[in-house]
Amino acid sequence: MVVLAKPAALEQISLVRSPSVEDNFGAGLPVVDLAADGAAGEVVRACERFGFFKVVSHGVGEGVVGRLEAEAVRFFASPQAAKDAHGPASPFGYGSKRIGRNGDMGWLEYLLLAIDGASLSRSSPAPSSSLRDAANEYVGAMRGMARTVLEMVAEGLGVAPRGALADMVVGDGAASDQILRLNHYPPCPPLLQNLMPNCSPTGFGEHTDPQLISILHSNSTSGLQVALHHDADAGDHQWVTVPPDPASFLVIVGDSLQVMTNGRMRSVRHRVVANKLKSRVSMIYFGGPPLEQRIAPLRQLLVAGVGDGEEEEQSRYEEFTWGEYKKAAYLSRLGDNRLAPFHRQPPPVANPLA
Ligand SMILES: C=C1C[C@]23C[C@@]1(O)CC[C@H]2[C@@]12CCC[C@@](C)(C(=O)O1)[C@H]2[C@@H]3C(=O)O
Ligand SMILES: O=C(O)CCC(=O)C(=O)O
């Protein structure tokens, strides 16, 4: 029997079947033109059916994206010792292969930066002033998009005021919990390609995002896959590749938005598979609320459509604060179903292929 050993650099990183063109999302990829009439309805439909969507006509200038991506590429190309000087990520700073504190590993390196209000936090320093400036400009654009999308979610669901969700993440008053992450996935090592041509290292293992929403940008290298559920109860899902498009962004529903919409919107499991030939660079903004924010279904959604004498909809979740959820998340493994302990009853079955 021939036993194929993984190259040492990949020993603790899981391998998955290499994506093929058949895995690509076809014409069904949810795309929302943020400037179009009826965009709010489209946002809600995409979040309910898929838990993510691609955004076009977003109004974010190419320069804003290009400046931060160039800074990220420059940083990741610097000598290992210079990068290590900004790590380890605990949770903020430079990290390589290790994700979080509980043994998760991926074929990537990253820079995790805390945001304080509208700019990077002074307490998690950026590696250079030019990266800081580019990141601050980018964060401003992401906050604007987060507001637009969350206002559309409220409008599309018939929730008032329009800012009910957006203010939790990008409001002026409370200290929300936002994060910026820059990821670099080197190409799959040639030795592995020769040994196991049908396998690729996991770049970022499957997970859902704990916050309300995440906004993702990537360069033109593929790798992102999302889980499409055929039968969520049976845990039956299919990994589908989302083709990269540097001119657009992806909005991803997080666990907290799932709870606030009482399960109407679903946080989507996603992962990154390392590309065989090219480096992938992604930049992702995570929008979370203040630590003390109660995470529970919006009242207006529970009473909507309830007539006299009828019972209002019950929450499907035990109540928690964002601070409690975040603490539990940091004790969990990347791929854990972090909402499971809070479910009051099985989540509704969504069938995006129906
Ligand atoms: C393994 C982990 C990494 C993570 C914290 C965690 O313990 C579980 C959740 C992970 C995640 C996923 C979305 C983005 C992120 C920054 C977050 O808030 O939760 C990461 C955390 C991380 O990379 O540190
Ligand atoms: O790099 C990507 O495309 C996704 C990254 C991601 O899911 C994350 O950083 O949480």
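Quick summary incoming for the structure in this document.

Calculation notes
Residues numbered from 1 in each chain as written. Chains lettered and ligands numbered in written order. Predicted model: local features only at pLDDT ≥ 70, side-chain atom pairs only at ≥ 80, totals over all residues. Heavy atoms only, no water. Helix = DSSP H or I, 4+ residues; strand = E, 2+ residues; numbered from the N terminus. Rg over C-alpha atoms; globule rule 2.2 N^0.38 Å. Buried < 20%, exposed > 50% of the residue type's maximum accessible area, 1.4 Å probe, protein only. Contact = heavy atoms within 4.5 Å. Areas by Shrake-Rupley, 256 points an atom, 1.4 Å probe, with all protein chains shown as cover. Lys, Arg positive; Asp, Glu negative; His and termini not counted. Charge placed at Lys NZ, Arg CZ, Asp CG, Glu CD. Near = heavy atom within 4 Å. Polar contact = N/O pair within 3.5 Å; in protein donor to acceptor, adjacent residues only side chain to side chain. Salt bridge = Lys/Arg side-chain N within 4 Å of Asp/Glu carboxyl O. Pairing = 2+ DSSP bridges. Axes fitted to C-alpha atoms, helices over the stretch in contact; angles between N-to-C directions. Parallel < 35°, antiparallel > 145°, perpendicular 65-115°, else oblique. Left-handed = near helix turned anticlockwise from the far one by under 90°. Phe/Tyr/Trp six-rings, centres within 6.5 Å; stacked < 30°, edge-to-face > 60°.

## Looking at the overall build of the protein chain
- In terms of regular secondary structure, the protein chain is built from nine helices and 16 strands.
- Against the globule reference of 20 Å for 354 residues, the protein chain gives a C-alpha radius of gyration of 20 Å, in line with a compact fold.
- Considering only C-alpha atoms, the protein chain reaches an extent of 70 × 50 × 40 Å along its principal axes.
- Within the protein chain, the proportion of its 354 residues that are buried is 52%.
- Contacts in the protein chain between residues far apart in sequence, at least 24 positions, make up 75% of those at least 6 positions apart.
- Of the roughly 15500 Å² of accessible surface on the protein chain, a fraction of 53% belongs to carbon and sulfur atoms.
- One finds the centroid of the 32 positive side-chain charges in the protein chain at a distance of 7 Å from the centroid of its 38 negative side-chain charges.

## A closer look at the site of ligand 1
- Close to ligand 1 lie 16 residues, the nearest being Arg181, Gln211, Phe286, Ala329 and Ser332.
- One of the backbone nitrogen or oxygen atoms of alanine 329 is found 3.0 Å away from an oxygen atom of ligand 1.
- Residue serine 332 places a main-chain N or O atom 3.2 Å away from an oxygen atom belonging to ligand 1.
- Protein burial of ligand 1: of its 460 Å² of free accessible surface, 98% is covered by the chains.

## Overview of unusual backbone geometry
- Cis geometry is found at the peptide bond from serine 90 to proline 91, where omega equals -5°.
- Note on placement: proline 91 falls in the loop between helix 3 (80–84) and strand 4 (93–99).
- The omega angle of the peptide bond from alanine 160 to proline 161 is -5°, so this bond is cis rather than trans.
- On the secondary structure map, proline 161 appears in the loop between helix 4 (129–157) and helix 5 (166–170).

## Observations concerning the pattern of salt bridges
- This model, assessed by the stated rule, comprises 17 salt bridges.
- A salt bridge links arginine 147 to aspartate 167, with the nearest nitrogen and oxygen atoms 2.7 Å apart. Taken together, the residues arginine 147 in helix 4 and aspartate 167 in helix 5 connect sequence positions 20 residues apart.
- Salt bridges sharing partners connect three or more residues here, namely Arg147, Glu151, Glu155, Arg162 and Asp167.

## Brief notes about the environment of glycine 51
- Within the secondary structure layout, glycine 51 lies in the loop between helix 1 (39–49) and strand 3 (52–56).
- It is 8.7 Å that separates the C-alpha atoms of glycine 51 and arginine 269, two residues lying 218 residues apart in sequence.
- In contact with glycine 51, not counting residues within four places along its chain, are Ala46, Val251, Ile252, Val253, Arg266 and Val268.

## Observations regarding the pairing of strand 12 (residues 249–253)
- Of all five residues that make up strand 12, five are buried, and the element is covered over most of its length.
- Side chains Phe249, Val251 and Val253 project from strand 12 onto one buried face, and the interleaved Leu250 and Ile252 project onto a second face that is buried too.
- Two strands pair when backbone bridges link them, and strand 3 and strand 12 are joined in this way by four bridges, in the antiparallel orientation. Considered in strand 12, the bridge of valine 55 is made with phenylalanine 249.
- Relative to strand 12, strand 9 (residues 213–218) runs antiparallel, the two being bridged by four bridges. Looking at the pairing, serine 214 lines up with isoleucine 252 of strand 12.

## What about the packing of helix 2 (residues 62–76) against helix 4?
- It is the contact of helix 2 with helix 4, at a shortest axis distance of 9 Å, that shows an interaxial angle of 140°. It follows that helix 2 is oblique to helix 4 by the angle criterion. The two elements helix 2 and helix 4 cross, and the hand of that crossing is left-handed. Listed contacts from helix 4 to Val64, Val65, Arg67, Leu68, Glu71, Arg74 and Phe75 of helix 2 are Ser130, Leu131, Ala134, Ala135, Glu137, Tyr138 and Ala141.

## A look at the packing of aromatic side chains
- Taken as a whole and judged by the stated rule, the model has nine aromatic pairs.
- Centre to centre, the rings of phenylalanine 75 and tyrosine 94 are 5.7 Å apart; their planes meet at 75°, and the pair counts as edge-to-face. Of this pair, phenylalanine 75 sits in helix 2 while tyrosine 94 is found in strand 4, placing the two residues 19 residues apart along the sequence.
- Residue class for phenylalanine 75 comes out buried when judged on its relative accessible area of 8%.
- What makes tyrosine 94 buried here is its relative accessible area of 2%.
- On the numbers, 5.7 Å between centres and 65° between planes, the contact of tyrosine 325 with phenylalanine 342 is edge-to-face. Note that tyrosine 325 is positioned in helix 9 (residues 322–331) and phenylalanine 342 in the segment after helix 9, a separation of 17 residues in sequence. Pair check on accessibility: tyrosine 325 and phenylalanine 342 agree, each one buried.

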